Amino acid sequence: MPKISSTKGKGFLIKFIIKSVAVSAACIFVLSGAMSLVIQKLDIDMENIRYFTAVIAVLSAAAAAFVSTRQFKSQRGVIGIISVLPIVVYSAVNEIINQNSVLLFCIKIILIIAAGAVFGALSGKKRKKYRIK
């Protein structure tokens with residue numbers, strides 16, 4: 001288990017940030033498209049769409065944390081929380097623009113952070129890992 005040296009740390013951090021933003025954006029894009037098809041086919045009322053956004057955000061957070069933290073050996077739960085920050089920012093911007101319920105926003109943020117921590121901790125892999133002290 002090699003440790004991160006100062007020369008590798010910068011590139012490693014940039015790769016982690018790019019990976020977490022890319023996976024978050026891709027998951028939100030794909031899940032939003034799939035959910036829009038489901039909403040259209042089932043003719044769901046527009047009032048209930050805000051609840052589907054919470055489901056999309058939590059599933060995206062789980063996928064982003066799982067994929068982004070696989071290369072780490074220690075503190076994967078904390079790194080999983082860090083990896084879902086783009087989804088938290090996306091949800092905050094969505095809340096400001098759409099004027100949804102503040103209670104729903106708080107519940108969504110709590111679920112996003114919890115999913116990031118849990119799936120970050122579960123993302124263990126048997127390959128080469130980096131230990132962070």
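All values reported here derive from a predicted model rather than from experimental measurement. (Residues numbered from 1 in each chain as written. Predicted model: local features only at pLDDT ≥ 70, side-chain atom pairs only at ≥ 80, totals over all residues. Heavy atoms only, no water.)

### With respect to the packing of aromatic side chains
So the rule is basically this: Stacked, tilted and edge-to-face are the three classes applied to pairs of Phe, Tyr and Trp rings, where Trp contributes its six-membered ring and a pair requires centres within 6.5 Å; stacked means planes under 30 degrees apart, edge-to-face means over 60, and tilted covers the rest. Runs of H or I in DSSP of at least four residues are treated as helices and runs of E of at least two as strands, each being numbered from the N terminus. Each residue gets one of three labels from its accessible area relative to the maximum for its type: buried under 20%, exposed over 50%, partly exposed in between, using a 1.4 Å probe on protein chains only.
Counted by the stated rule, this structure contains one aromatic pair. Where Phe16 meets Phe72, the ring centres are 5.6 Å apart and the plane angle is 85 degrees; that geometry is what we call edge-to-face. Here Phe16 is found in helix α1 (residues 6–42), whereas its partner Phe72 is found in the loop between α2 (49–68) and α3 (76–83), with 56 residues between them in sequence. Residues Phe16 and Phe72 agree in their burial class; the two are buried.

### Notes on helix α5 (residues 102–121)
The cut-off we apply is this: The length a helix should cover is 1.5 Å for every residue beyond the first. By construction, the arc corresponds to the directions joining the helix axis to the C-beta atoms. Whether two residues touch is decided by their heavy atoms; if any such pair falls within 4.5 Å, the residues are in contact. Think of a polar contact as two N or O atoms within 3.5 Å of one another; within protein, one of them needs to be a possible hydrogen donor and the other a possible acceptor, and neighboring residues in sequence only count if both atoms come from side chains.
Given a rise of 1.5 Å per residue, 20 residues ought to cover 28 Å, and the 29 Å separating the end C-alpha atoms of α5 matches this to within 8%. Burial in α5 covers these residues: Leu104, Lys108, Ile109, Ile112, Ala115, Gly116 and Gly120. The buried residues of α5 occupy an angular sector of 135 degrees when the element is viewed end-on, so they sit on one face. Facing away from the buried surface of α5 by more than 90 degrees, the exposed residues are Leu103 and Ile110. In the core, the buried residues of α5 are packed alongside α2, α3 and α4 (85–98). Between a side-chain oxygen at the N-terminus of α5 and the backbone nitrogen of Leu103 the separation is 3.3 Å; the capping residue is Ser101.

### A look at the confidence of the model for the protein
Here is the rule: Values of pLDDT, which run from 0 to 100, indicate the predictor's confidence residue by residue.
Confidence in the prediction for the protein averages 85 pLDDT; 86% of positions are at 70 or higher. Looking over the protein, one finds the lowest element-wise mean pLDDT in α1, namely 86, and the highest in α5, namely 92.

### Quick notes on the side chain of Lys108
What counts here: The charged-residue count follows a simple rule in which Lys and Arg add positive charge and Asp and Glu add negative charge, with His and chain termini not counted at all. The salt bridge criterion pairs a side-chain nitrogen of Lys or Arg with a carboxyl oxygen of Asp or Glu, the two atoms within 4 Å.
Structurally, the position occupied by Lys108 is in helix α5. Notably, Lys108 is buried but unbridged: the nearest opposite-charge side chain belongs to Glu95, and the N-O separation is 6.1 Å. The residues touching Lys108, leaving out its near neighbours within four places in the chain, are Thr53, Ala54, Ala57, Ser91 and Asn94.

### Considering the packing of α3 against α5
Going by this rule: What counts as an axis is a line fitted to C-alpha atoms, over the stretch in contact for a helix, and the angles between N-to-C directions run from 0 to 180 degrees. Oblique is the label for any angle not covered by the other classes, which are roughly parallel (under 35 degrees), roughly antiparallel (over 145) and roughly perpendicular (65 to 115). For any pair of crossing helices, the crossing counts as left-handed if the nearer helix is rotated counterclockwise from the farther one by less than a right angle, and right-handed if it is rotated clockwise. Three classes are used, and their members are as follows: Ala, Val, Leu, Ile, Met, Phe, Trp, Tyr, Cys and Pro are nonpolar, Asp, Glu, Lys and Arg are charged, and the others, Gly among them, are polar.
Where α3 contacts α5, the axes come no closer than 7 Å and their chain directions differ by 135 degrees. In this view, α3 runs oblique relative to α5, as classed from their interaxial angle. Our pair here, α3 against α5, has a crossing hand that is right-handed. The segment α3 lies against α5, with Arg76, Gly77, Gly80 and Ile81 engaging Ile113, Gly116, Ala117, Gly120 and Ala121. Residue classes in the contact of α3 with α5 are distributed as four nonpolar, four polar and one charged.

### What about the nonpolar core?
Looking at soluble globular proteins, one finds that nonpolar side chains tend to be buried together. Selection criterion: In plain words, nonpolar cores are sets of buried Ala, Val, Leu, Ile, Met, Phe, Trp, Tyr and Cys residues tied together by side-chain atoms within 4.5 Å.
Among the nonpolar cores identified, the biggest contains 14 residues, and Ala61, Val84, Ile87 and Ile112 are the most heavily contacted of them. Elements with a contribution of two residues or more to this core: α1, α2, α4 and α5. If one sorts the elements of this core by residue count, α2 sits on top with five residues.

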